[in-house]
Amino acid sequence: PLRRVTYMSGESDVCDTPYMETNQCLTCIPDDGGLDPSCEGYAQGWCRMARLHAFSQYVQAFYDQGEAAQTHKLMSVPDVGHSGCGMFQSSEFAAGALTCLPQAQLGS
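Residues numbered from 1 in each chain as written. Predicted model: local features only at pLDDT ≥ 70, side-chain atom pairs only at ≥ 80, totals over all residues. Heavy atoms only, no water.

1. Observations concerning the overall build of the protein chain
Then, in step 1: When helices and strands are tallied, the protein chain shows six helices and two strands.
Then, in step 2: The secondary structure elements of the protein chain, listed N-terminal to C-terminal, are β-α-α-α-α-β-α-α.
Then, in step 3: Across the 108 residues in the protein chain, those meeting the buried criterion constitute 30%.
Then, in step 4: When contacts within the protein chain are restricted to residue pairs at least 6 apart in sequence, long-range pairs at least 24 apart make up 59% of them.
Then, in step 5: Per element, the accessible surface of the protein chain, about 7,200 Å² overall, is 57% carbon and sulfur. (Helix = DSSP H or I, 4+ residues; strand = E, 2+ residues; numbered from the N terminus. Buried < 20%, exposed > 50% of the residue type's maximum accessible area, 1.4 Å probe, protein only. Contact = heavy atoms within 4.5 Å. Areas by Shrake-Rupley, 256 points an atom, 1.4 Å probe, with all protein chains shown as cover.)

2. Some thoughts on helix H3 (residues 48–62)
Helical geometry note: an α-helix holds 3.6 residues per turn, so side chains three or four residues apart project in the same direction.
Then, in step 1: With 15 residues, H3 should cover 21 Å at 1.5 Å per step; its first-to-last C-alpha distance of 21 Å lies within 8% of that length.
Then, in step 2: All of the buried residues in H3 are Arg 48, Arg 51, Ser 56, Val 59 and Gln 60.
Then, in step 3: Along its buried surface, H3 packs onto strand S1 (5–10), helix H2 (39–44), helix H4 (67–71) and strand S2 (72–77).
Then, in step 4: Directly after H3, the chain includes Asp 64, whose backbone phi takes a positive value near 50 degrees. (Expected span 1.5 Å × (residues − 1).)

3. Some words on the packing of aromatic side chains
Then, in step 1: On inspection of all chains with the given rule, the structure shows four aromatic pairs.
Then, in step 2: The interplanar angle of 90 degrees and the centroid separation of 5.1 Å between the aromatic rings of Phe 62 and Tyr 63 together place this pair among those described as edge-to-face.
Then, in step 3: Considering the side-chain rings of Phe 88 and Phe 93, the 4.9 Å spacing of their centres and the 85 degrees angle between planes classify their relative orientation as edge-to-face.
Then, in step 4: A relative accessible area of 58% places Phe 88 in the exposed class.
Then, in step 5: A residue is classified by how much of its surface remains accessible, and Phe 93, at 25% relative accessible area, is partly exposed.
Then, in step 6: Ring pairs connect the aromatic residues Tyr 58, Phe 62 and Tyr 63, which therefore count as one cluster. (Phe/Tyr/Trp six-rings, centres within 6.5 Å; stacked < 30°, edge-to-face > 60°.)

4. Re the confidence of the model for the protein chain
Parts of the model with low pLDDT should not have their predicted coordinates read in detail.
Then, in step 1: The predicted model of the protein chain has a mean per-residue pLDDT of 77, with 73% of residues at 70 or higher.
Then, in step 2: Helix H1 (residues 17–22) is the least confidently modelled element of the protein chain, averaging 66 in pLDDT, while H3 averages 89, the highest of any element. (pLDDT = per-residue confidence, 0-100.)

5. Looking at the nonpolar core
Then, in step 1: Judged by nonpolar contacts, Met 8, Met 75, Val 77, Val 80 and Met 87 together constitute the single largest core of five residues.
Then, in step 2: With residues up to four places along the chain from it excluded, the contact list for Met 8 reads Leu 52, Met 75, Val 77, Met 87, Glu 92 and Phe 93. (Core = buried A, V, L, I, M, F, W, Y, C linked by side-chain atoms within 4.5 Å.)

6. Here we look at a nonpolar patch on the surface
Then, in step 1: Side chains of Phe 55, Tyr 58, Phe 62 and Tyr 63 sit close together on the surface and give an oily, nonpolar patch of about 450 Å² of accessible area.
Then, in step 2: Following the sequence through the fold, Phe 62 ends up in helix H3.
Then, in step 3: Given a relative accessible area of 52%, Phe 62 falls into the exposed group. (Patch = residues over 30% accessible without salt bridge, like charges linked within 9 Å, V, L, I, M, F, W, Y side chains within 5 Å. Salt bridge = Lys/Arg side-chain N within 4 Å of Asp/Glu carboxyl O.)

This is the structure:
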């Protein structure tokens, strides 16, 4: 069987320090954790959330909605930015983690 994969995307993971500083749109001090600001990075998306959504769409297109495409899904986590702690403590993460377990371990 194919492995189940769930991509978790923080809906507030939209920080891009170089862009924000250049365009003077800082209302706080962003911590983007080393987001790649190169041309290659921006070709993937302007922030982590956009890059993950683009990657997820690529996986779906690459596998052309086949069996592998059906085992990969994207879940959005509201009010979470670039925070592992926020992700792991979210109800969306708990629900997503359960979908990755084999049915036998869930008691079904």
